[in-house]
Structures are given as structure tokens and as C-alpha cells.
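Below are the chains, spelled out letter by letter.
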Amino acid sequence: MADVKITLKDGSVKVYPKGTTVYEIAKDISGRLAKEAIVGEVNGTTVDLSYEVNEDCSLNIYKFEDEEGAHAFRHTSSHIMAQAVKRLWPETKLAIGPAIDDGFYYDFDTDHTFVPEDLEKIEAEMKKIVKEDLSLERFELPRDEALKLMAEKGEDYKVELINDLPEDAVISFYRQGDFVDLCAGCHVQSTKKIKSFKLLNLAGAYWRGNENNKMLQRIYGTSFPKASLLDQHLEMLEEAKKRDHRKLGKELKLFALMEEGPGFPFFLPNGMVVKNELLNYWREVHKEAGYVEIETPIILNRELWQTSGHWYHYKENMYALKIDDEDYAIKPMNCPGGMLSYKTELRSYKDFPLRMAEIGRVHRHELSGALHGLMRVRAFTQDDAHIFMLPEQIKDEIKNVCHLIDSIYETFGFSYHVELSTRPEDSMGTDEEWAYTEAALEGALKELGLDYRINAGDGAFYGPKIDFHLKDSLNRTWQCGTIQLDMQLPQRFDLTYIGSDGEKHRPIMIHRVAFGSIERFLGILIEEFAGKFPTWLAPVQVKLMTIADRHIDYAKEIEAKLNAAGLRVSLDDRAEKIGKKIREAQMEKNPYMLILGDKDIDNQTVSVRSRDLGEVGAMSVDVFVETILKEIKDRSKVALFQAKAAKEA
RNA sequence: GCCAGCGUAGCUCAAUUGGUAGAGCAACUGACUUGUAAUCAGUAGGUUGCGGGUUCGAGUCCCAUCGCUGGCUCCA
């Protein structure tokens, strides 16, 4: 393999095998992942050194494909956007403008209200800046000079940021032409590198994410080193729109959201089939995992919510009402009812772990602006369970729940990430209790070897939690499963059990969900499968269609057989062409179509067409039923007829 | 709740500078009797989200309100 000769800025020469990635070269030379990133590529046998080195770092070259490279690239894009905005509206004050997963944003404070047309103007100005080929120069200033510089420029937000930096912080700036920004860095060497970009949307955002602060105007954008990559990304966004669960939910008649009940979804017959299948599956696996099921009331009195603490800690989110002059509230969570259920009997340590599940419908008054299809609603169904146990059972039980959740997600083929959320500011309980419970959850995660990230201060007010997050079609993540260790409610409700010593003790309680919310899970499910549910979930599993009216009797005969086999069947016996019936069935995303005509009557067969595989061929009804029943029983994610076709071939 | 944008037939969208709402698909009726992604013809369908205002005249402009979308905040 040919070697690549690289001349470094200090004049020294290094030789690498051709094909070595720039990233590896950078690591090799610098011996570490340096804080400055530069985007570059090895082409052929030479390396373009023109964009090579920062003043205070050794050679650090990253490709756009590396996280650091993309980050630097987008961060520079963000600076270019800010520079463009400052040129167009000089009075604008800059807040923060970081790189994010798929692009970048910048928060601005200006009297000018940005409208969508402004994005084009800003893009045009950005193009100029890119063309000007401005190099990004880093410089550091002592605190007082840094403050002076930003104050002179009227950048109040930057002044605040500098004031909040720790004493020993290095205060760095980046300059590109006439534009200077307080910035810790990671930039490409020149504005010229930002080949393709697009500003995507406008949004409001509170300064520092605090709703008591001023609302700034945020502009989101994305950028790529090649136009083709940008096009590809924009195409992906278009594709994602097509699988949006709100769109598909309407098209497939799964659910409806109406003005009459914002945030309160209606489940239509098709959606109800999917929901019930999900619940059937859920009950099956939970029974196997040793759970019992209960149901508690939707409405309970004020005293209960005071006991639980919700009346004070969750009041803004609760729907309250008066009944016979007494205060009641609609449950926002199932736990208090679960506590009362626990207390209906004297419990023994021998009953532990006691796993009480509840498919509970809860109502929460979410902010109107937070509502989002099925993902964020005001009434939803939690697949809840409260598990009561001994302290020494905590780790194993958390592991059990993690396994259960994992196996459920695996059934749908979902990948997920885990977060551990710790004590929030507004919380109940002692420091010791929090330390103990947080350690218990983290210990279980570590023993399981699960990757997780810590979400400091994001726990529930009554305990720390482990969250399982799934992604929607736009890669936005949604919390679904959660496991919360709760030492508050057992105390507040004075829950006890009789231990082996014959004395009363306080049980440990886990509060957990796997789907999280059936509604949200269904939303994720729709987007993941783009509406093409696996057969076991599909509202209509088999669509029968006649070629001509004379085939209707035979079709009804087949329909009866499939019905008898427990399949969800629908017959299209309209006097339409078969092409049209197939087209409509495909659009309804029915997994299987049976085409019935003269040949089928003569041979006593059905002609099978699969939504995913196309024409499968003719077979006897019995063979068809046998195969599809297996596919359903296995909760297969793919059509089993594919395997059959492969075997025959 | 906050910032911005949007709201026309069941769905997807039209409607010059304000001039009196239209198309495709779906639906319905009829003809056609069809072999793997759209047969043809006809019929019907809208107080332009709701409520005010400006105007000779408002889907177009203004105000208010409800809802939706993208974010922020919050959270399953």
C-alpha cells in the first residue's frame, strides 16, 4: 500500500499508509483528542495543509464524519449566521449559539421580529461571508478586558456569561473578519469551508432556558461540507414527514384529535385494535413475570392527594373538581390508588416482591403549547406497576424490570437509550434517603452493564428514576419506560409488612412503566414502522378481494374460514378492477391480500400478495392460515412468507 | 403558559393589487365484470376555525378568540 507523506506546520515530515483516516493521523500526532477541531480529508497521496493548525494546539484534524468534526463545522456555521444577522440587524444582541446533533442554532435578542422570509435574507448574507473566506482566529483575554470588549459591543448576554465563568476559566474569543464572539471553540479554519447550509426554522427560547427570563428568538439551521449531503438530509426530513404519526394516524384511521378536546385523543376502531393487541401482549408478558393486575378509581378525594403530596407538588397539572362540596381530583398518576390497594391486607415479607400492575388512565393538565399528537397528551394510559419489596431485593428487582422492558422493546425492534435522573430542587425526603435510592438505581445499572447517562436534577419529586428513551421519525427522543424508586409514598401512606422477626417494617417501592404511555408508544410504533404494522398488530391482517362479482361466494367462504381461524379480515367485493383494490389495500398497509378469481376457484387456492414482499403466489387456504398464524403467534417483525419463498427457490 | 407561523370541501391544495370560492382524490349514482398499485360518466359536497371591525364589497386588511405546527418550559 502506498504511503502518504504529510508535512507538518513545523516543517517535520511524517509518513502514513494510504487510507489512514485524518482522525487517526491527528490522534497519532497530538497523542490526545485536542480541544480544537479542524475538518479535513486525506485525498489521494497528499493532505491539504492549508487548514491545518491552530495557534495553541498541535495538529488536530477531524473529518466531518467524526462527532468533533461535525461539531466544529456546525459551530462555525452558527457563527456565520450570527455574523450575517448582525450585518442585517446591527442592534441584535447575541445570546448563545451552539452546534447540535443535526445542525446548529443561535439565540438572538432584537426588536426586529424574524419572519420566514428573513431566513432567505440571512442565508444570502451567509453566502457572502462564506465567499469572503474569513479565517477564524482564536484569542484569549483576561476577564476584565473580556468584559470590556463585550460591554463595548453592547453584548449584555455575553457579559453575563463571562461573569458566570469560574475564576480560573480561560476566556477565549473567535474572530472572523469584523465579527467577534465569546466562544470556547472548536471551529474550522475558514468560513469558506462551510459549503452548504440551510436555515430551517424559527422558534422562541427563554434566555438560559428559564421561563422567567426574556424570550429570545432562535434560528435553527444545518450545514454540510457537500451540497449532496445537505440534499440528502433535507430529503430525510421530507421522508420523516411522511411517517409522522399524526399524518398516518389520520390516513390509517387509527386515532383522531379534535378541537373539542385538545390533548384528549380519540381512538378509532383501527387504533383500538392496535391498542388492545399491545395490551394483550403486555398482560401476557407481565403474567409470566409474576405481576398481578389491579384497577383503581380515576377520581379520588383531596385528602388522598394531600397524603400523597400531589396536592402540593403537582397541583398545577391536576384537574380538580367539587363533588358534594368536597374537593376531588382526577388522578394524574396511579400510585396513590396503588398504595391504598396495598393497604387492603396485612402484608408479609413472604409476599415480596409484590408486583401490582395497573393499566391506568391518567389526566394531566399539560401546557397547551406542549401538546404534540399522541406523544404529549392530557389523557393517557400508563402500563403502570408498583412493586413492593425488601431492601435487599432492590437490585435484583430493578434488574428484572430492566430485562422486562428490554424484552418488550426487542419485540418491536426498538433501540433505546437509558438515563438516570437524580434529585430535583423541588423534592421530598432526606439527603440520606436520596443518596441511598440514587445509589441503588445506579448500582443496578452498573451490574447490568447498561450504558446510561446521568440527568442531574431531573428525578421525580419523590425519588430518582431510570428512564428509557425511544426515538421518533425525526430522531427526537421520547421518554417511554421508567423505573422510579420511591421511599416517600410508603412513608406517607404508612405502608408496612411483617418481617421474619414478626415486627412491622416499611417496604421499598418501585414505580415503573414499560410502554410508558400506550398513546406515546403507539405514536413511536407508527413512526418506526411508517404505519406498516407487523401482522400481529395490523388492524386488518388479510384483505380479500374479488376479481369479478361471480367470485363473491367463494370469497365469503374463504372469509369465513379466516374468521374462524381468528384472523382480522376484510372483504373488498366492489365491482372495481383488481389493480385498484390492490392499490387501496397497499395504501391501507394491510399486511396480506388474497386475490380470488376463476383460477383460485378451479384450483381451490388463494393468490397471496404480501404488502412487503409483493406477489407470493397461489396456495391452499390451509397453508396460508398456518403460515400467517405462526407469523402472528411469533409476533414476527417480518413476513414469514419470505422464508417460504426462499425455501421453495 | 411563552415566541413565531398557519387554519379554504372528508383529504391534498387553488383563488391577480380586496371584486363575490375552484381542482384532483375520497363519497354517492350508473355503466363496465375486470388477475397483482388508480375504468368511464354523472351527482352531491364549503356561512373560508369561531366572533367582531374597516369597506360599496373581505378567504384576502384590522382586532379578539379557539385550534394546529415548530421550538422554549414541562414531562409518560
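These numbers come from a predicted model, not from an experiment. Within each chain, residue numbers correspond to sequence positions counted from 1 in written order. Working convention: letters from A go to chains and numbers from 1 go to ligands, in the order in which they are written. Where local features are concerned, this predicted model is filtered to residues with pLDDT of at least 70; where side-chain atom pairs are given and counted, the filter is 80 or more; whole-chain, interface and lining totals use all residues. The basis for every side-chain value is the complete set of heavy atoms in the structure, and neither hydrogens nor water enter the calculation.

Undergrad: Any chance you could explain the overall build of chain A here in plain terms?
TA: Numbering of helices and strands starts at the N terminus; helices are DSSP runs of H or I of at least 4 residues and strands are runs of E of at least 2. On a plain count of helices and strands, chain A comes out with 20 helices and 32 strands. Counting over 649 residues, chain A shows a buried share of 52%. The long-range fraction of contacts in chain A, counting pairs at least 24 apart against all pairs at least 6 apart in sequence, stands at 68%. Looking at chain A as shown, the accessible area adds up to about 30,900 Å², and 49% of this sits on carbon and sulfur atoms. Here the term buried applies to any residue with accessible area under 20% of the maximum for its type, exposed to any over 50%, and partly exposed to those in between, with areas from a 1.4 Å probe on protein chains only. When checking whether two residues touch, look at their non-hydrogen atoms; a contact exists if any pair is within 4.5 Å. Methods summary: accessible areas were calculated by the Shrake-Rupley approach with a probe of 1.4 Å, and residue burial reflects only the protein chains presented.

Undergrad: Teacher, can you tell me more about the packing of aromatic side chains here?
TA: Two aromatic rings are characterised by how far apart their centres lie and by the angle between their planes. Centres within 6.5 Å are what make two rings of Phe, Tyr or Trp a pair, Trp counting through its six-membered ring; a difference in plane orientation under 30 degrees is then read as stacked, over 60 as edge-to-face, and the rest as tilted. Going through the model one piece at a time under the given rule, you end up with 24 aromatic pairs. Ring geometry for Y409 against F468: centres 6.3 Å apart, planes inclined by 80 degrees, an arrangement best described as edge-to-face. Of this pair, Y409 sits in helix α12 (residues 394–412) while F468 sits in strand β23 (residues 465–471); the two residues are 59 residues apart in sequence, bridging distant segments of the chain. You'll find Y409 and F468 in the same group, each marked buried. A centroid spacing of 5.7 Å and a plane angle of 25 degrees characterise the contact between F412 and F414, whose relative ring orientation is stacked.

Undergrad: Would you take a moment to explain unusual backbone geometry for this structure?
TA: Backbone geometry follows two general trends: most residues other than glycine have a negative phi, and most peptide bonds adopt the trans configuration. The omega torsion across F352 and P353 is -10 degrees, close enough to zero to call that bond cis. Relative to the elements of secondary structure, P353 occurs in the loop between α11 (335–342) and β19 (354–363). In this structure, R208 takes a positive phi of about 60 degrees despite not being glycine. Relative to the helices and strands, R208 is located in the loop between β11 (196–206) and β12 (215–224). One non-glycine residue, D494, adopts positive backbone phi at about 50 degrees. Its location among the elements puts D494 in the loop between α14 (488–492) and β25 (497–498). A residue is classified by how much of its surface remains accessible, and D494, at 45% relative accessible area, is partly exposed.

Undergrad: Where do I start with the pattern of salt bridges in this structure?
TA: For side chains bearing opposite charge, pairing can occur when the charged atoms are close. Salt bridge criterion: a side-chain nitrogen from Lys or Arg within 4 Å of a carboxyl oxygen from Asp or Glu. In this structure the tally under the stated criterion is 40 salt bridges. For K93, the salt bridge is made with D156, and the minimal N-O distance between the two is 2.7 Å. Of this pair, K93 sits in strand β5 (residues 93–94) while D156 sits in helix α5 (residues 156–164), placing them 63 residues apart in sequence. Accessibility expressed as a relative area gives 26% for K93, which makes it partly exposed. With its nearest N and O atoms 2.9 Å apart, the salt bridge here joins E140 to R138. Relative accessible area serves as the criterion here: at 44%, E140 is assigned to the partly exposed category. For R138, a relative accessible area of 17% gives the class buried. Where salt bridges share partners, they join R87, E125, K128 and E132 into one cluster.

Undergrad: How do you make sense of the sheet that holds strand β17 (residues 320–323) when you look at a structure like this?
TA: In sheet architecture, strand pairing relies on hydrogen bonds along the backbone and comes in two forms, parallel and antiparallel. DSSP-based pairing: two strands are paired if at least 2 bridges between them are found. Pairing within the open sheet is antiparallel, and its three strands lie in the order β16-β18-β17. Edge positions in the sheet fall to β16 (299–301) and β17, since each has one partner strand and no second. Averaged over all pairs of adjacent strands, the angle between strand axes in this sheet comes to 40 degrees, irrespective of strand direction. Angles shown run from 0 to 180 degrees and are taken between the N-to-C directions of axes, each axis being a line fitted to C-alpha atoms and, for helices, limited to the stretch in contact.

Undergrad: Honestly, the sheet that holds strand β28 (residues 542–546) in this entry has me stumped. Any pointers?
TA: Ordered by their spatial adjacency, five strands build an open sheet running β29-β28-β30-β31-β32, and the pairing between neighbours is mixed. The open sheet is flanked by β29 (569–572) and β32 (614–619), the only strands paired with a single partner. If you compare each strand with its neighbour and ignore which way they point, the axes differ by 25 degrees on average. Across five bridges, β28 lies against strand β30 (residues 592–596) in parallel orientation. Bridge pairing links K543 to M593 in β30. Strands β28, β29, β30 and β31 (606–610) of the sheet are contacted by helix α17 (residues 578–587), whose axis makes an angle of about 165 degrees with β28.

Undergrad: Got a minute to help me understand the protein's contact with RNA strand B in this structure?
TA: Distances are taken per atom, and a residue is near a molecule or strand as soon as one of its heavy atoms is within 4 Å of it. Around RNA strand B sit 58 residues in total, of which Y206, S368, Q479, R583 and K599 are the nearest. With respect to RNA strand B, the side chain of S607 contributes an N or O atom lying 2.5 Å from a base nitrogen. Counting only elements with at least two residues in the surface near RNA strand B, the list comes to β11, β12, β20 (379–389), β24 (477–486), α17, α18 (598–603) and β31. Split by residue class, the surface near RNA strand B holds 20 nonpolar, 17 polar and 21 charged. Polar contacts, as used here, are pairs of N or O atoms within 3.5 Å; protein pairs need one atom able to donate a hydrogen and one able to accept it. Residues neighboring in sequence count only if both atoms are side-chain atoms. When residues are grouped by polarity, Ala, Val, Leu, Ile, Met, Phe, Trp, Tyr, Cys and Pro land in nonpolar, Asp, Glu, Lys and Arg in charged, and all others, Gly among them, in polar.

Undergrad: Explain the nonpolar core to me, please; I cannot follow it from the model alone.
TA: Nonpolar side chains tend toward joint burial in soluble globular proteins. Within the largest apolar cluster, 79 residues are counted, with the highest numbers of intra-cluster contacts made by L278, F412, L525, L562 and F624. Not counting residues within four places of it along the chain, the set of residues in contact with L562 comprises V542, L544, L567, V569, L594, V621, F624 and V625. Grouped together as the second largest cluster of nonpolar side chains are 28 residues, A82, A84, L119 and I194 included. We call a set of buried residues a nonpolar core when its members are Ala, Val, Leu, Ile, Met, Phe, Trp, Tyr or Cys and they connect through side-chain atoms within 4.5 Å of each other.

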